[in-house]
Amino acid sequence: MNNKREKLDILDLLDKKEITLEEAQKRLEALKEAEKEAASPAKLGQSSKKSIKIQVNSSDGDIVNIQVPVNFARLILKGGKKMNFNTKLNEFDIDFEEVFNMIDQGELGELINIESADGDTVRIAVE
């Protein structure tokens, strides 16, 4: 990861008014956090072996199964990006910051299991 290049890209987006100042600050802070985590061997060793699994099954037949390393998912979400692999997931208003807090506290296994009245399900687990 080339943080200098990414920082310049963020500033370029801000200059072009493609993102707001607040969004630029969030993205720069996420890069700073990712850099800190990468420099911390204890933190890296703790969560680099863990994967976050997200499973979405919608009543209309959409099925999504994703498994990514925790550090990668954290970087994506802290960078202000959303996991737009399924719009159904957005309907459940899941606080991923809280999910990562649970992971940091050592939680493993199924963290979230949601079943809606119309048959949609969302499961998030850490292994």
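None of the values given here were measured: they were computed from a predicted structure.

Quick word on the overall build of the protein chain
Counting its regular elements, the protein chain contains six helices and four strands. Secondary structure elements of the protein chain occur, N-terminal to C-terminal, as α-α-α-β-β-α-α-α-β-β. Expressed as a percentage of its 127 residues, the buried residues of the protein chain come to 32%. Across the protein chain, the fraction of contacts at a sequence separation of at least 24, relative to all contacts at a separation of at least 6, is 51%. A total accessible area of about 8,100 Å² is found for the protein chain, and carbon and sulfur atoms account for 50% of it.

Quick word on helix H6 (residues 96-104)
At 3.6 residues per turn, the α-helix brings residues three or four places apart onto the same side. Residues of H6 that are buried include every one of Phe 96, Val 99, Phe 100 and Ile 103, and no others. Within H6, the buried residues cover an arc of 95 degrees as seen down the axis, which keeps them to one side. Count one or two residues on from H6 and you reach Gly 106, which has phi positive near 95 degrees.

Here's the deal with helix H1 (residues 3-15)
In a regular helix each residue adds 1.5 Å, so 13 residues correspond to 18 Å; H1 covers 18 Å between its end C-alpha atoms and thus fits that length. Phi turns positive, to about 60 degrees, at Lys 17, one or two residues after H1.

Topic: the sheet that holds strand S2 (residues 63-69)
With antiparallel pairing, four strands are arranged side by side in an open sheet as S2-S1-S4-S3. Lying at the two open borders of the sheet, with one neighbouring strand each, are S2 and strand S3 (109-115). Within this sheet the neighbouring strands show an average axis-to-axis angle of 10 degrees, counted without direction. Pairing analysis gives seven bridges linking strand S1 (residues 51-57) to S2, with the strands arranged antiparallel. Each residue of the ladder has a partner; that of Asn 57, found in S2, is Ile 63. Against the sheet, H6 touches S1, S3 and strand S4 (121-126), its axis set at about 150 degrees to S3.

Let's talk about the pattern of salt bridges
Enumeration according to the criterion identifies seven salt bridges in this entry. A salt bridge links Lys 53 to Glu 127; the shortest N-O distance between them is 2.7 Å. Of this pair, Lys 53 sits in strand S1 while Glu 127 sits in the segment after S4, and the two are 74 residues apart along the sequence. When its relative accessible area of 51% is taken as the criterion, Glu 127 is described as exposed.

About the cut-offs
Residues numbered from 1 in each chain as written. Predicted model: local features only at pLDDT ≥ 70, side-chain atom pairs only at ≥ 80, totals over all residues. Heavy atoms only, no water. Helix = DSSP H or I, 4+ residues; strand = E, 2+ residues; numbered from the N terminus. Buried < 20%, exposed > 50% of the residue type's maximum accessible area, 1.4 Å probe, protein only. Contact = heavy atoms within 4.5 Å. Areas by Shrake-Rupley, 256 points an atom, 1.4 Å probe, with all protein chains shown as cover. Arc of directions from axis to C-beta. Expected span 1.5 Å × (residues − 1). Pairing = 2+ DSSP bridges. Axes fitted to C-alpha atoms, helices over the stretch in contact; angles between N-to-C directions. Salt bridge = Lys/Arg side-chain N within 4 Å of Asp/Glu carboxyl O.

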